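Residue-level listing of the chains:
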Amino acid sequence: MLPKKGFTEGRSVRTVSPVSVSMSQRDRHEAVSLQTPSDFSHQLALETAIKRSQAYLLREQKPEGYWIGELMVDSTLVSDTIAYHRWNGNVDPIWQRKAVNHIFSLQLPDGGWNIYYGGPSDVNATIKAYLALKLAGVPVTDPRMLQARQTALALGGVPRMNTFSKLYLALLGLFPWDYVPTIPCEIILIGKWFHVNFNEMSNWSRSMLVPLAIINHFKPTRCAGRTGRSGSKVTLDELYPAGYHERDLALPRDPRPFTLRNFLLWLDRFHKWIEENRLRPFRKLALRKAERWMLERFEGSDGLAAIFPAMLNSLIALKALGYPDDHPQVRTAEHELKKLEHETNDKVWIEPCFSPVWDTAIVLVALAESGLPNDHSALKAAAEWLISKEIRFRGDWQYKNPAKVEPSGWVFEFNNKWNPDVDDTAMVLLALRKVPTDNPKKRDASFKRGLDWMLTFQCRDGGWASFDKDCTKSVLEKVPFADHNAMLDPECADITARILELLGYENFSLDNPQVQKALGFIREHQEEDGSWYGRWGVNYIYGTWQVLRGMRALNLNMKQAWLLKARDWLESVQHSDGGWGERCNTYDDPVFKGQGPSTASQTAWAVMGLCAFDPDPASPAFGSLRRGIEYLIRMQNPDGSWTEHETTGTGFPRVFYLKYDMYRNSWPLLALATYSKLLQRVNGSSTARVNGHTKKLPQHLAEVVAP
């Protein structure tokens, strides 16, 4: 529990007028009483902002009880879809025109395309966009295409694209398969008996690689066709800086002769020799198992793994396997992909997946913390909906975590029964504990199952990862097709701290062995400057806030030097406008940490981090905190929402980022609510008649405004 000491504890409280306050009293009050009008207006503005935010979010709730915000990403999903339709030979010209408009709308002044808002041009995004536009018939002489070509060449051109991007080019006959790293189907046959096996890869990599392995076997190249007035064949020969030459196609070797990378590149060439000579005694078995694995995981999910890359790969794999266009599995896969699209009269864009469970849990916590009673109809509906989404199925997690625990857990999306994850489960449990519902026994049973299930995922070093347990064999990051930076599912401070926050609220003792191990993990992963790396949010602000909130919930002594160092770091990166901001370039180089335009979501995280210290109103930390709150109040829109353009969510660092549109509205409300409760703890409360109305005021303000 949080301490209850008030700001006026040990003092006699009496009613005085502002002019009668003595100098010694001003010293004791740190001149707060002379600022009564501004303090009172600050309190009223805070309450008004909370009410507006509550009203906005309540209006946004779906009839079924959930909340969902759009997941906004870069241009690559639309580019890939244009390429797929060309490969499939079924192009809707109206849809394609809208897709072209969307891609052009995201083009940067230098001619390229980036992978996060405000970021520099990225070689994969730029070449994918250029190719999509070229396939759609945009002439290469268009000034925008000429700019794109120049930028793509400056970034290194096709040779600098990652493996998955090159594989899509190979499907269209635009890159030789001989230089695409092999993804052998046989990998699915390798069991626990081998140190590096199929289940040692991250959950999302398994879902992407199984259909890609099928594609890699069949190599179903279909010519990109002809385009433009001249009807010339589509190529990308112009995107090779030194001209098209084999020396630029192969993956670069390590200059040192005897290294793991060079061994794995040799192994890839050996695989290709085996392929060419058809020395594949287990290939048919592996193909059947890969197909069966993929089809099995369509069940109970909104497409394979319910995420765009795996869904698109699986559709291509089905067609490569010979499934006809009218086959139910093909139609279902196409339908699930289509659901991710947003279409207007002028544009079409695509979400990578849906986020209803995650969004609902965060909004529910924010509304409950901000003062909505736990029997409010909106909260009850949300809690019931979350309970209905519990997954009572032993999915793919069982291979890395064979614990004898009742299956439970929650996912990010609507339906994805094979892949419940720890982070969503922790967030849902934080929400469910707020609302007993009309059936507390049902809620309690669901909560207990989820908690017991989640606790079994603690890794050897004390941390928690997202989907799997101890998925950290670094050799997998060295294989030639693993340049998408997502082969592993490492433990991270943000998820571990969120779980510790939950355990703190549930009165787990600091002596609990799991808590002790987790605290050791948190301490070990603190950066030299006091911050923490954020795996699933951008970036050090996200990691640091979550750790501090988790430590406060555990009722740790927040005056310890290592925690104060984190507080000092947060204060040091506050911007002059009172807010906080950080861009995705911190994943490329930590020198950029804490830098970037202020955002509502990141300011909210930092505010909650500072609130963890219960700062005295006279301290510098309280001044920083108050400026952050004033930023949030000042930037709120009249309808109770906040505007935010920056990308603050992380998919795969340095590869794929997300803008959670719900973040700009849910996290600020939770921050305002956390600050409001801090004021009540620090100052106590009272009421006063202001303009004929009764208002709750901090205790020290009540002294100077009472009649």
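Criteria and thresholds
Residues numbered from 1 in each chain as written. Predicted model: local features only at pLDDT ≥ 70, side-chain atom pairs only at ≥ 80, totals over all residues. Heavy atoms only, no water. Helix = DSSP H or I, 4+ residues; strand = E, 2+ residues; numbered from the N terminus. Buried < 20%, exposed > 50% of the residue type's maximum accessible area, 1.4 Å probe, protein only. Contact = heavy atoms within 4.5 Å. Pairing = 2+ DSSP bridges. Polar contact = N/O pair within 3.5 Å; in protein donor to acceptor, adjacent residues only side chain to side chain. Patch = residues over 30% accessible without salt bridge, like charges linked within 9 Å, V, L, I, M, F, W, Y side chains within 5 Å. Areas by Shrake-Rupley, 256 points an atom, 1.4 Å probe, with all protein chains shown as cover. Salt bridge = Lys/Arg side-chain N within 4 Å of Asp/Glu carboxyl O. Lys, Arg positive; Asp, Glu negative; His and termini not counted. Charge placed at Lys NZ, Arg CZ, Asp CG, Glu CD. Phe/Tyr/Trp six-rings, centres within 6.5 Å; stacked < 30°, edge-to-face > 60°. Axes fitted to C-alpha atoms, helices over the stretch in contact; angles between N-to-C directions. Parallel < 35°, antiparallel > 145°, perpendicular 65-115°, else oblique. Left-handed = near helix turned anticlockwise from the far one by under 90°. Nonpolar A, V, L, I, M, F, W, Y, C, P; charged D, E, K, R; others polar. pLDDT = per-residue confidence, 0-100. Core = buried A, V, L, I, M, F, W, Y, C linked by side-chain atoms within 4.5 Å.

Observations concerning the overall build of the chain
Reasoning step 1: Within the chain, the regular secondary structure consists of 24 helices and nine strands.
Reasoning step 2: Each of the 707 residues in the chain was classed as buried or not, and the buried ones make up 59%.
Reasoning step 3: In the chain, 71% of the contacts between residues at least 6 apart in sequence involve partners at least 24 apart.

Some thoughts on the pairing of strand β7 (residues 656-660)
Reasoning step 1: The buried fraction of β7 is high, at five of five residues.
Reasoning step 2: Neither face of β7 is open: one carries F656, L658 and Y660, the other Y657 and K659, and all of them are buried.
Reasoning step 3: The pairing of strand β1 (residues 71-72) with β7 spans two bridges and is antiparallel. The partner of L71 across the bridge, within β7, is Y660.
Reasoning step 4: As paired strands, strand β6 (residues 649-652) and β7 are joined by three bridges and run antiparallel to one another. Of the residues in β7, the one forming a bridge with G649 is L658.
Reasoning step 5: Between β6 and β7, which follow one another and run antiparallel, lie three residues, and R654 among them has a positive phi close to 75°.

Side note on the sheet that holds β1
Reasoning step 1: Taking strand neighbours across the sheet as the criterion, the three strands line up as β1-β7-β6 in an open arrangement whose pairing is antiparallel. Two strands close off the open sheet at either side, each with one partner strand: β1 and β6.

Section: unusual backbone geometry
A negative phi angle is the norm for most residues apart from glycine, just as the trans form is the norm for most peptide bonds.
Reasoning step 1: Even without a glycine there, the phi angle at D470 is positive, about 55°.
Reasoning step 2: Here R654, not a glycine, exhibits a phi torsion of approximately 75°, which is positive.
Reasoning step 3: Mapping R654 onto the fold places it in the loop between β6 and β7.
Reasoning step 4: The class of R654 is partly exposed, set by a relative accessible area of 44%.

Overview of the side chain of N313
Reasoning step 1: Tracing the backbone shows N313 in helix α11 (residues 308-320).
Reasoning step 2: A distance of 2.5 Å separates the side chain of N313 from the side chain of Y168, its partner in a polar contact.
Reasoning step 3: Every residue in contact with N313, bar those within four places of it in the chain, is listed here: Y168, M208, P211, L212 and I215.

Some thoughts on a positive patch on the surface
Reasoning step 1: Taken together, the side chains of K284, R288, K289 and R292 define a basic patch exposed on the protein surface.
Reasoning step 2: Relative to the helices and strands, R292 resides in helix α10 (residues 283-296).

Observations regarding the environment of L172
Reasoning step 1: Along the polypeptide, L172 turns up in the loop between α7 (163-171) and α8 (203-218).
Reasoning step 2: Residues L172 and V234, spaced 62 residues apart in sequence, show a C-alpha to C-alpha distance of 9.4 Å.
Reasoning step 3: The contact partners of L172, leaving out residues within four places of it in the chain, are A83, W87, L131, L135, T221, R222, C223 and A224.

Side note on the packing of aromatic side chains
Reasoning step 1: What the rule picks out here adds up to 31 aromatic pairs.
Reasoning step 2: Centre to centre, the rings of F198 and W293 are 5.7 Å apart; their planes meet at 85°, and the pair counts as edge-to-face. Taken together, the residues F198 in the loop between α7 and α8 and W293 in helix α10 connect sequence positions 95 residues apart. Each member of the pair, F198 as well as W293, is classed as buried.
Reasoning step 3: When the centroid spacing of 6.0 Å and the interplanar angle of 25° are considered together, the rings of F263 and W266 count as stacked. Taken together, the residues F263 and W266, both in helix α9 (residues 260-276) and three residues apart, mark about one turn of the helix.
Reasoning step 4: Taken together, the aromatic side chains of F412, Y542, W545, W605, Y660, Y663 and W667 make up a single cluster linked through ring pairs.

Section: the packing of helix α16 (residues 440-455) against helix α17 (residues 493-505)
Reasoning step 1: Relative to each other, α16 and α17 sit at 135°, their axes nearing to 12 Å. Here α16 lies oblique to α17, going by the angle between them. As α16 packs across α17, the resulting crossing turns out to be left-handed. Contact with α16, carried on its side by F447, L451, M454 and L455, involves I499, L502 and L503 of α17 and no other residues of that element.
Reasoning step 2: For the contact of α16 with α17, the per-class residue count stands at seven nonpolar, no polar and no charged.

Description of the confidence of the model for the chain
Reasoning step 1: On average, the chain scores 89 in pLDDT, and the residues at 70 or more come to 90%.
Reasoning step 2: Contacts from residues 1-36, a stretch scored under 50 in pLDDT, to residues over four places away or in other chains number 51 contacts.
Reasoning step 3: Between residues 697-707, whose pLDDT stays under 50, and residues either more than four places distant or in other chains, the model counts 40 contacts.

Quick notes on the nonpolar core
One broad trend across soluble globular proteins is that nonpolar side chains are buried collectively.
Reasoning step 1: Counting 210 residues, the largest nonpolar core has M454, I522 and M551 as the members making the most contacts within it.
Reasoning step 2: Excluding its chain neighbours within four sequence positions, the residues that come into contact with M454 are V422, T425, A426, L429, W464, I499 and L502.

Details of a nonpolar patch on the surface
Reasoning step 1: On the surface, L260, F263, W266, F270, W273 and L279 cluster together to form a nonpolar patch covering roughly 610 Å² of accessible area.
Reasoning step 2: Tracing the sequence through the fold places W273 in helix α9.
Reasoning step 3: Classification of W273 as partly exposed rests on a relative accessible area of 45%.

Re the pattern of salt bridges
Reasoning step 1: Within this structure, the stated rule accounts for 40 salt bridges.
Reasoning step 2: Note that D452 and K448 form a salt bridge whose closest N and O atoms lie 2.7 Å from each other. Here D452 pairs with K448, and both are found in helix α16, just four residues apart, close to one helical turn.
Reasoning step 3: Owing to a relative accessible area of 30%, D452 belongs among the partly exposed residues under this scheme.
Reasoning step 4: Looking at K448, the relative accessible area reads 51%, which means it is exposed.
Reasoning step 5: Linked by salt bridges that have partners in common, E186, E275, R280 and R283 make up one network.

Topic: the side chain of T81
Reasoning step 1: Within the element layout of this structure, T81 appears in helix α3 (residues 76-88).
Reasoning step 2: Of the polar contacts made by the side chain of T81, one reaches the backbone oxygen of L77; its length is 2.8 Å.
Reasoning step 3: With residues up to four places along the chain from it excluded, the contact list for T81 reads W95, F308, E341 and I350.

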